[in-house]
Amino acid sequence: MQSPGHNATAAVTAASLLYSPLRRESREIRLITFESLEKEPELKLRLHVFSLQDAPKYKAVSYVWGSPSNTKPISVNDATVHATMNLHDALLEIRASLHKSHADHGAAYLWVDALCINQEDTAEKNHQVAMMQEIYPEAEEVVMWVRFDSTKADTVFTLLEDWALAMHIITRASADKDDPIADLLRLALKAVATTTERDPFETSRVNLLAEFVHNEYWKRIWILQEVVLATRGRILAGSRSFSLDMFSVIWISMCDIPLVKSAAEEQRQALTSVTAEAVHVEVRGLAQMKRLRHSAPSATDSESEGLCGRMLKLWRPELSADSYSDISGLLEQTQDFSATDPRDRIFALQSLLPEDRRVLAPDYGLAEGEVYTRATISEIERTGTLRPISWSGIGFNPNEPRLVGLPSWAPNLSDKKNKRQIFTCEAGGDFPLTPQISRVDTTAILRHKGVVCGKLRRVRAVEVDSVLRWDSLIWKWVEFMYVNWGEMRNMPRISSTSWVKTLFQCLFSDQGIPFSGNIFRYFVVSMISRAELDDRSLTWLLRTSIRPSPGFEQVILSARVALMRNESLLSPLGTILEAGLRNDGVLEEDKTPGYQWNKVSGIWNERDMVNNSCGIVLQQGLGSIFFSDNGFVGLAPSGAQEGDSICILLGHPTPFIIRPKGDDWELVGWARIPGMMHGEMIEGLEASEGEFNQESSKVETISLV
């Protein structure tokens, strides 16, 4: 299912002729049947109405809706319905599959959202979408149709069957062995290869599996609901089908790092390609594992499902039932999922939550901005905290259109440029203050206690996109410091330390990575090797990295000559600079044994850490570097401007950039500011029953609109 509430996809042409109103008090649903399971050129179906508790056995169909402009006529109750091409083809393959399993041509009932819900009746859509938390569990099976080439599907499903055979082997062997499960699986796969004469790691087969798991089907926001709520799932592609439970376990096993690292290079690359879009399939797999991990196999479980339950207990015994216990966790995990109707970023997740943690019942009569606002307010009121304003998409960029009715402090969940990340800092301390929310006309206002601590004096904004390399981004920040150094160096907070360390802290301060020699060599030397670096800027770069020592000018000249002649001397140059920084007390000791050459992956761990941290910055949309009027240097959202203010909201882990709007403020976004990330700006501030101590002169009520 793509989006049962997406009104733009007109699935029927004569809804008034097809649909009579469903009785809500009887919890009625519609089911469809094929008039015939024989292979015929035209699809002919009948609609039936049942109360959910009295409905016959049925299968729920999951598929990608597809383009509303690409349709094909089918017959429903003798009326012509224009189904999307995806739905048409899914029904054809499901009919063929049912024909094999229904020799007597008995009725096979299906629930298909586009046909069983009147898409032109908003009230019915709202009610039926809310009922999906019962429709899916009550279905005897969820048929998950994936559009995929039939020949390729044969290869993929045969590969999955080989891996499934290996799973059976290791569940029997693991009962009396203490070997790591990855070692057992590796041996089992070798046994399967010997028996079947097919290599489970064969590159071309694994590459086809990678193509299969990267199919758009697995990126839909609705898939979490379909997977978690399904009593039993079956993946259908071409003429082949496979257990969803077993597929989930196999995919998780392919993600196992020791198993992947032990494979040959070509096989390792193929396995890596399978998991390249882990944010989509990993979430689906974990959701499935949560359901299996905490559900004891029943007496009616098939052999395959019982195996999956045992397998998951072996593979991931640490899984917690709280993985998806609130909307914040779900939103964080589904940032990259697709939704035809952006409102489904909220609606599609509600049935996965406990009733007391649901933020908004489906209502397709609400505008997108209002859906996000109400969901945010609901979660703020439920938790009594500011946690929801850390969701993906908070703040705004004045150069981009803004959703109607969406305040700056509520997230635009369709904005993928500004992604929420977990912060380990505590800029706002631990103050149990409840945010106050009110509405004036159509404007939602959030009021909370906070401290305004400086204005942005100079800003270098860089528009962040997926094409921009992290080293190019850092180089733009280095250029900013170069241009403004004459003004910056006179500020006590900046001149008292190395700008290199300050920039490093902007990138790594919330990740617990020390500014050590190994990191420094990679971080600074990669900058020195930039082609854009002329003699003058190189001299500045090196001189301002450390306090000059005797003979330092000669070191600079020698370094430049070395760079011009032989790039292999970059590492020794980094070592020279490191020695100066260490003597100056700027560098910390290398205490983490992982900062060394990784023989398995063939790369420097330091490069991994720098790349990953800079990647997080890019994901967070922190493309601007600034220094403030009181001497702080930090990273801010791409929309930050000179004159914006820095604000600490009490109880929130990160600083914010805010902008005046009349008597109120607009939230531009969060920021990384060394010297503010761990409560330094509220030091000495205490509160008792809402009253603050003598430091209360710092605190004011911040009104965000």
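Residues numbered from 1 in each chain as written. Predicted model: local features only at pLDDT ≥ 70, side-chain atom pairs only at ≥ 80, totals over all residues. Heavy atoms only, no water.

**Brief notes about the overall build of the protein**
A tally of helices and strands in the protein yields 24 helices and 21 strands. Among the 705 residues that make up the protein, the fraction classed as buried is 55%. For the protein, the share of sequence-separated contacts (at least 6 apart) that also reach a separation of at least 24 residues comes to 72%. Split by element, the accessible area of the protein, about 29,900 Å² in all, is 49% carbon and sulfur. (Helix = DSSP H or I, 4+ residues; strand = E, 2+ residues; numbered from the N terminus. Buried < 20%, exposed > 50% of the residue type's maximum accessible area, 1.4 Å probe, protein only. Contact = heavy atoms within 4.5 Å. Areas by Shrake-Rupley, 256 points an atom, 1.4 Å probe, with all protein chains shown as cover.)

**Some remarks on the environment of Tyr63**
Topologically, Tyr63 is positioned in the loop between strand S3 (58–62) and strand S4 (71–76). Looking at Tyr63, the relative accessible area reads 0%, which means it is buried. For the pair formed by Tyr63 and Val143, sequence separation is 80 residues and the distance between their alpha carbons is 8.5 Å.

**Description of the pattern of salt bridges**
This model, assessed by the stated rule, comprises 25 salt bridges. Close ionic contact of Arg343 with Asp341 constitutes a salt bridge, the shortest N to O distance being 2.7 Å. For the pair Arg343 and Asp341, one class covers both residues: buried. One network of salt bridges, with partners in common, ties together Lys59, Glu140, Glu141 and Arg234. (Salt bridge = Lys/Arg side-chain N within 4 Å of Asp/Glu carboxyl O.)

**What to know about the side chain of His448**
Position of His448 relative to the elements: it lies in strand S11 (residues 443–460). Within the structure, His448 has its side chain in polar contact with the backbone oxygen of Leu650 (distance 2.8 Å). (Polar contact = N/O pair within 3.5 Å; in protein donor to acceptor, adjacent residues only side chain to side chain.)

**Quick word on unusual backbone geometry**
For Asn77, which is not a glycine, the phi torsion comes out positive at approximately 55°. With respect to the helices and strands, the residue Asn77 is situated in the loop between S4 and strand S5 (79–84). For Asn77, a relative accessible area of 27% puts it in the partly exposed group. A positive phi is found at Glu197, a non-glycine position, where the angle reads about 60°. Turning to its location among the elements, Glu197 is positioned in the loop between helix H6 (181–196) and helix H7 (203–213).

**Some details on the pairing of strand S14 (residues 624–628)**
In terms of burial, S14 is largely enclosed, as 5 of its 5 residues are buried. Here 4 bridges tie S11 to S14, and the two strands are oriented antiparallel to one another. For Leu456, the partnering residue across the bridge sits in S14 and is Ser628. One ladder, built from 4 bridges, connects S14 with strand S15 (residues 633–636); its direction is antiparallel. If you follow Ser624 over to S15, its bridge partner there is Ala636. (Pairing = 2+ DSSP bridges.)

**Regarding the nonpolar core**
Counting 143 residues, the largest nonpolar core has Leu91, Trp111, Phe212, Ile346 and Trp409 as the members making the most contacts within it. The element that contributes the greatest number of residues to this core is helix H5 (residues 150–173), accounting for 10 residues. (Core = buried A, V, L, I, M, F, W, Y, C linked by side-chain atoms within 4.5 Å.)

**Some points on the packing of aromatic side chains**
Throughout the structure, instances matching the rule amount to 12 aromatic pairs. Following the ring pairs from residue to residue traces out a cluster consisting of Phe148, Phe157, Phe212, Tyr217, Trp218, Phe242 and Phe247. (Phe/Tyr/Trp six-rings, centres within 6.5 Å; stacked < 30°, edge-to-face > 60°.)

**A closer look at the state of the cysteines**
Applying the stated criterion to the full structure yields 0 disulfides. Note on Cys453: no disulfide assigned, nearest cysteine sulfur contributed by Cys647 at a separation of 6.8 Å. (Disulfide = S-S within 2.5 Å.)

**Describing the environment of Glu42**
Within the secondary structure, Glu42 is located in the loop between strand S1 (28–34) and strand S2 (44–51). In this structure Glu42 comes out as partly exposed when scored by relative accessible area, which is 40%. In contact with Glu42, other than residues within four places in its own chain, are Ser75 and Arg95.

**Notes on helix H16 (residues 368–383)**
Compared with the 22 Å implied by 1.5 Å per residue over 16 residues, the 23 Å span of H16 between its first and last C-alpha is a close match. When we look at burial in H16, the residues that qualify are Glu368, Gly369, Glu370, Val371, Tyr372, Thr373, Ala375, Thr376, Ile377, Glu379 and Ile380. Buried residues along H16 sit against helix H14 (327–333), helix H15 (344–347), strand S10 (436–440) and S11. Within two residues after H16, Gly384 carries a phi angle of roughly 70°, on the positive side. (Expected span 1.5 Å × (residues − 1).)

**Thoughts on the side chain of Ser51**
Mapped onto the fold, Ser51 is located in strand S2. In this structure the side chain of Ser51 is engaged in a polar contact, spanning 3.0 Å, whose partner is the side chain of Asp54. Ignoring anything within four residues of it in the chain, the contact list for Ser51 reads Ser26, Arg27 and Glu28.

**Description of the confidence of the model for the protein**
Scored by pLDDT, the protein has a mean of 75; 63% of the residues are at 70 or more. For the protein, the element scoring lowest by mean pLDDT is strand S12 (residues 597–598), at 36; strand S6 (residues 109–111) scores highest, at 97. In the predicted structure, residues 5–13 sits below a pLDDT of 50 and forms 27 contacts with residues beyond four places in sequence or in another chain. This model gives residues 292–301 a pLDDT under 50, and the stretch forms 13 contacts once residues within four places in sequence are excluded. (pLDDT = per-residue confidence, 0-100.)

**Structural notes on the pairing of S15**
Because side chains alternate across S15, one face comprises the buried residues Val633 and Leu635, and the other comprises Gly634 and Ala636, equally buried. Connecting S14 to the antiparallel partner S15 that follows it, the hairpin turn spans 4 residues, and Gly631 within it adopts a positive phi of roughly 90°.

**Points about helix H4 (residues 122–138)**
Each turn of an α-helix holds 3.6 residues, which means side chains three or four residues apart point in the same direction. Helix length check: H4, at 17 residues, gives a terminal C-alpha distance of 24 Å against a target of 24 Å (1.5 Å per residue), a fit within 8%. Considering bend angle alone, the principal kink of H4 is centred on Met132 and spans about 50°. Glu124, Lys125, Asn126, His127, Gln128, Val129, Met131, Met132, Ile135 and Tyr136 are the residues of H4 that are buried. Looking at the packing, one finds that the buried side of H4 touches S1, S3, S6, helix H3 (113–116), strand S7 (141–145) and helix H8 (223–229). One side-chain oxygen of the residue at the start of H4 lies 3.1 Å from the amide nitrogen of Ala123, identifying that residue as Asp121. (Bend = angle between axes of the 7 residues up to and from the residue.)

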